[in-house]
Amino acid sequence: MREIPIAAGQARYAVHVGRGAVARLGPLLAGRPFVVVSSPPVWRRHGERVRAALGVAPAAVTLFRDAERHKTAGTVQRLHDAFLRAGLARDGRVVAVGGGVVGDVAGFAAATYMRGVDWVGVPTTLLSMVDSSVGGKVGVNHPAAKNLVGAFHQPRAVVEDTAFLDTLPARERQSGAYEILKCAILADPPLFASLRKGPPALRGWADGPLEDAVAAAVRIKGEVVAADEREGDRRRLLNLGHTFGHALEAVTAYARFTHGEAVGWGLVAAAALARRRGALSEGDFTAIAEAVDALGPRPPIRDLRAKAVLDALGRDKKVKDGRLVFVLPVGIGRAVIETVSADEAKAAYTEIVARDPARRGKRRSR
Ligand SMILES: NC(=O)c1ccc[n+]([C@@H]2O[C@H](COP(=O)([O-])OP(=O)(O)OC[C@H]3O[C@@H](n4cnc5c(N)ncnc54)[C@H](O)[C@@H]3O)[C@@H](O)[C@H]2O)c1
Ligand SMILES: [Zn+2]
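Residues numbered from 1 in each chain as written. Chains lettered and ligands numbered in written order. Predicted model: local features only at pLDDT ≥ 70, side-chain atom pairs only at ≥ 80, totals over all residues. Heavy atoms only, no water.

Engineer: Any chance you could explain the overall build of the chain here in plain terms?
Structural biologist: Within the chain, the secondary structure is distributed over 15 helices and twelve strands. Expected size for 366 residues packed as a compact globule is a radius of gyration near 21 Å; at 20 Å, the chain falls within 12% of this value. Burial statistics for the chain: of 366 residues in total, 55% are counted as buried. Taking contacts inside the chain between residues at least 6 apart in sequence as the whole, the part at least 24 apart equals 74%. Accessible surface computed for the chain: about 15400 Å², of which carbon and sulfur atoms make up 51%. Measuring between centres, the 54 positive side-chain charges of the chain sit 4 Å from its 38 negative side-chain charges. (Helix = DSSP H or I, 4+ residues; strand = E, 2+ residues; numbered from the N terminus. Rg over C-alpha atoms; globule rule 2.2 N^0.38 Å. Buried < 20%, exposed > 50% of the residue type's maximum accessible area, 1.4 Å probe, protein only. Contact = heavy atoms within 4.5 Å. Areas by Shrake-Rupley, 256 points an atom, 1.4 Å probe, with all protein chains shown as cover. Lys, Arg positive; Asp, Glu negative; His and termini not counted. Charge placed at Lys NZ, Arg CZ, Asp CG, Glu CD.)

Written as structure tokens, this is what we have:
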């Protein structure tokens, strides 16, 4: 079991990582009323274990369907209704058991109920363990944009039981693995080396290495968030791979790629950009591209309109004086923030399209 301390702004809390970590919930919640928020698929698989770990009965268990389209203000209102019905007061707590959608919505409901009640995160996907549950960003989508409405509301504790991952579909697991790889490229050469040796999507990894990888990613995110709780340059480093990643998600209406898969493509694109300007060695570029590929296959990009992807880049809020702001890897374990021209971005995109195995397959068959 690992316990990683996080310091963000005034908040201090621990992330408990390990198989069996759910047992920490009882002591963490003792003495205060709380409600549990989860989703039907997560609660069906893990509700019994969570209930047993809680020790005392929650004031209510509220489930909502955790598809991205339900990550809305309407769902938050329904949660507030449920908190009221359960008699939750200012000293009450919200326990969010689920992936990033459950955490973001339940955390935002906690941030806004009676001007803020405490919450505890119990992430059940790999992505939410290493990313969304650390850092205090909570919120919902707006018809005009994803994650447009939200707040910073740090949890009181985060409990990450890797046993939850036993039921996670391979593709969701792979999605989280790309975020771990991102952390490794940003700041952790040993983690990078262990990911390169691991099986695709980290499936079948023994508990030890899996816990090490999750804990390392949490620590890296925690360090960045500690240095910079809000969106300063430091925290922006976490956007490595996300500029192209967000563009790919947007042009496919969030339907083709998991978030991590899009980030996987984005990591190769950012590495290509850095290599093209001589900031990343050929060897490190190849290592990054191979590490991304080793996590498993990603949906194709070759059939997307390049112009649409490049136009979407400019819409990703990351434009400065007509140039695009990018996080560029400059080695394994180090990245910098730089502006690049539209031409450079286009060249890098052309390069990753050429790496699309679907496209390589097509060429071969000609
Ligand atoms: N707040 C942040 O800083 C931050 C950071 C990154 C992502 N996010 C948000 O996180 C969301 C994505 O989160 P996610 O990738 O965890 O996806 P998710 O919450 O959509 O969950 C993915 C799927 O896995 C299922 N699931 C969850 N746990 C399971 C388990 N243990 N076994 C089987 N199935 C399980 C869910 O029911 C769902 O169908 C997005 O809305 C994104 O905007 C937030
Ligand atoms: Zn991400």
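Engineer: Help me understand the sheet that holds strand β11 (residues 323-331), please; the structure alone is not making it clear to me.
Structural biologist: Strand-to-strand pairing in sheets goes through backbone hydrogen bonds, with the strands running parallel or antiparallel. Read across the sheet, three strands follow the order β10-β11-β12 without closing on themselves; strand pairing throughout is antiparallel. The open sheet has two edge strands with one neighbour each: β10 (319-320) and β12 (334-340). As defined by bridge partners, β10 adjoins β11 across two bridges and the pair is classed as antiparallel. Residue pairing for β11: K320 is matched across the bridge by R323. (Pairing = 2+ DSSP bridges.)

Engineer: Please explain the environment of P123 as it appears in this structure.
Structural biologist: Structurally, P123 is set in strand β6 (residues 118-123). Of the residues examined, P123 reaches a relative accessible area of 3% and is grouped as buried. Considering only alpha carbons, one finds P123 and V134, eleven residues apart in sequence, at a separation of 9.9 Å. What P123 contacts, discounting residues up to four positions off in sequence, is G98, S128, M129, S133, V158, V159, E160 and F164.

Engineer: Before we go on, may I ask you to explain the site of ligand 1 in this structure?
Structural biologist: In the region of ligand 1, 26 residues are neighbours, and D66, G100, T124, T125 and T167 sit closest. The contact in question runs from an oxygen atom of ligand 1 to an N or O atom on the side chain of D66, over 2.6 Å. A distance of 2.7 Å separates a nitrogen atom of ligand 1 from a polar side-chain atom of T167. Protein coverage of the free-state accessible area of ligand 1, which is 870 Å², stands at 85%. Put simply, the parts of the chain that give the shell around ligand 1 at least two residues each are α2 (40-54), α4 (100-112), α5 (126-132) and β8 (145-152). (Near = heavy atom within 4 Å. Polar contact = N/O pair within 3.5 Å; in protein donor to acceptor, adjacent residues only side chain to side chain.)

Engineer: It is not clear to me how the environment of N141 should be interpreted in this structure. Could you clarify?
Structural biologist: Along the chain, N141 turns up in strand β7 (residues 137-142). A C-alpha to C-alpha distance of 9.9 Å links N141 and D104, two positions 37 residues apart in sequence. In contact with N141, not counting residues within four places along its chain, are E68, K71, T72, K146, N147 and L148. From its side chain, N141 meets the backbone nitrogen of N147 in a polar contact 2.8 Å long.

Engineer: Please clarify how the confidence of the model for the chain should be interpreted in this entry.
Structural biologist: Detailed reading of the predicted coordinates is not advisable wherever pLDDT is low. Scored by pLDDT, the chain comes out at a mean of 93, with 96% of its residues at no less than 70. Under a pLDDT of 50 for its full length, residues 361-366 has, in the predicted model, one contact with residues more than four places off or in other chains. (pLDDT = per-residue confidence, 0-100.)

Engineer: Please explain the pattern of salt bridges as it appears in this structure.
Structural biologist: Taken as a whole and judged by the stated rule, the model has 25 salt bridges. With a shortest N-O distance of 3.3 Å, R32 and D118 are connected by a salt bridge. Here R32 is found in the loop between α1 (25-29) and β3 (34-38), whereas its partner D118 is found in strand β6, with 86 residues between them in sequence. Taking the relative accessible area as the measure of exposure, R32 reaches 28% and is therefore partly exposed. Given the relative accessible area of 18%, D118 is considered buried. Note that R355 and D293 form a salt bridge whose closest N and O atoms lie 3.7 Å from each other. With R355 in helix α14 (residues 342-355) and D293 in helix α12 (residues 282-294), this pair connects stretches of sequence that are 62 residues apart. Connected through shared salt-bridge partners, R32, R93, D118 and R156 make up one network. (Salt bridge = Lys/Arg side-chain N within 4 Å of Asp/Glu carboxyl O.)

Engineer: Could you clarify how one ought to interpret the sheet that holds strand β9 (residues 157-160) in this entry?
Structural biologist: Read across the open sheet, the seven strands follow the order β1-β2-β9-β6-β5-β3-β4; overall the sheet is mixed. Across the chains shown, the open sheet's two edge strands, defined by having one partner strand only, are β1 (2-8) and β4 (60-63). Put simply, the sheet's adjacent strands are angled 20° from each other on average, direction ignored. Relative to the sheet, α2 contacts β3, β4 and β5 (93-98), its axis offset from that of β3 by approximately 150°. Lying on the sheet, α4 is in contact with β3, β5 and β6; it crosses β5 at an angle near 170°. (Axes fitted to C-alpha atoms, helices over the stretch in contact; angles between N-to-C directions.)

Engineer: Looking at this model, I keep getting lost on unusual backbone geometry. Mind explaining?
Structural biologist: As a rule of thumb, non-glycine residues mostly have phi less than zero, and peptide bonds are mostly trans rather than cis. A positive phi angle, near 60°, is found at R115, a position not held by glycine. Note that R115 resides in the loop between α4 and β6. According to the relative accessible area criterion, R115 is exposed, its value standing at 79%. The backbone of A253 sits at a positive phi, close to 55°, despite the residue not being glycine. Residue placement: A253 occurs in the loop between α10 (242-251) and α11 (259-276). Look at A253 and you get exposed, because its relative accessible area is 58%.

Engineer: Help me out: how do you make sense of the nonpolar core in this one?
Structural biologist: The tendency in soluble globular proteins is for nonpolar side chains to be buried as a group. The biggest cluster of nonpolar side chains holds 95 residues, and the ones touching the most others in it are L25 and Y349. At eleven residues, α11 tops the list of elements feeding residues into this core. The next biggest cluster of nonpolar side chains, apart from the first, holds 23 residues, and it includes V101, V102, Y113 and V138. (Core = buried A, V, L, I, M, F, W, Y, C linked by side-chain atoms within 4.5 Å.)

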